[in-house]
Amino acid sequence: MLLVERPAEGVAIVVLDRPEAMNALSKALRAKLHETLQALDADPGVRAIVLTGAGERAFCAGLDLKELGSDPEGMRAANATDPAENPARAVLACRKPVIAAVNGVAITGGFELALACDVIIASESARFADTHARVGITPGWGLSQKLPRLIGPYRAKELSLTGNFLDARTAADWGLVNRVVPPDDLLPVARKLASEMAQIDADMLILQKRLIDDGYALSLKEGLALEHERSSAHNAGVTPQMVEERRAAVQARARAQA
């Protein structure tokens, strides 16, 4: 149902492992994802996480519609606020960076799950679709508010009011995904990015991610005030010697990448 791999120091890969159901989010899988992300968040040996789906067909097809059809109260999951029921909130609650490696379709709730991640790397075969309106459900995991902020209201309306699929290349052109790679390169690229993040001090990763997320929810004026407040508090404890030691490491890395 859910696999966890540790391919490199500081990196964990979480795999939604229901390929026969296009990695649909059953109740059990949602609970397991929350439990796993909580454990990885608390694990000092993990600094960055990759989230992907098993198989080539789907990253995630959203809520398990077959399961919902047999549960009179199943639709409550669409508006759940508990991270054990709402996988988008489970991802958002994770303090460490989560990279979505989208290997196939990301549909409706699966689309929302990808949007909850900090970075999206897409395979050339990836496609995104918001079918909420077509199936008669109102988004409850953040898509209606997050998508227009990422790609603009006009493009968001085009997707949400048609239910049409968006291919990976267009998603990149629209700023929805960070980059598009061949299918065989998807996990290696995501792992490499996670490994680069894992080289950063753990507290700095958490601080920087939270600063971006919290500031993005505010106006620019409020965000600048937030940055000043947190930066002043943090930088008061930074010494010139600490900066010099890390600057030398940055310079060495730059030479190695040249």
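Residues numbered from 1 in each chain as written. Predicted model: local features only at pLDDT ≥ 70, side-chain atom pairs only at ≥ 80, totals over all residues. Heavy atoms only, no water.

1. Topic: the nonpolar core
Then step 1. Judged by nonpolar contacts, the single largest core of 49 residues is most densely connected at Leu-51, Phe-59, Val-102, Leu-113, Phe-128, Leu-147 and Leu-176.
Then step 2. The dominant element in this core, judged by the number of residues it contributes, is helix H4 (residues 109-116), at five residues.
Then step 3. Once you skip the residues sitting within four places of it in the chain, Leu-113 turns out to touch Leu-16, Leu-25, Leu-33, Leu-51, Phe-59, Cys-60, Pro-87, Ala-88 and Val-91.
Then step 4. Grouped together as the second largest cluster of nonpolar side chains are 18 residues, Ile-13, Ala-48, Val-119 and Ala-198 included. (Core = buried A, V, L, I, M, F, W, Y, C linked by side-chain atoms within 4.5 Å. Buried < 20%, exposed > 50% of the residue type's maximum accessible area, 1.4 Å probe, protein only. Helix = DSSP H or I, 4+ residues; strand = E, 2+ residues; numbered from the N terminus. Contact = heavy atoms within 4.5 Å.)

2. Some points on the packing of helix H10 (residues 202-216) against helix H11 (residues 220-235)
Then step 1. The contact between H10 and H11 brings their axes to 9 Å, and the two run at 160°. As far as their axial angle goes, H11 and H10 are roughly antiparallel. As H10 packs across H11, the resulting crossing turns out to be right-handed. Residues Met-204, Leu-207, Arg-210, Leu-211, Asp-214 and Gly-215 of H10 touch H11, and the partners they reach there are Gly-223, Leu-226, Glu-227, Arg-230 and His-234.
Then step 2. Partitioning the contact of H10 with H11 into residue classes produces four nonpolar, three polar and four charged. (Axes fitted to C-alpha atoms, helices over the stretch in contact; angles between N-to-C directions. Parallel < 35°, antiparallel > 145°, perpendicular 65-115°, else oblique. Left-handed = near helix turned anticlockwise from the far one by under 90°. Nonpolar A, V, L, I, M, F, W, Y, C, P; charged D, E, K, R; others polar.)

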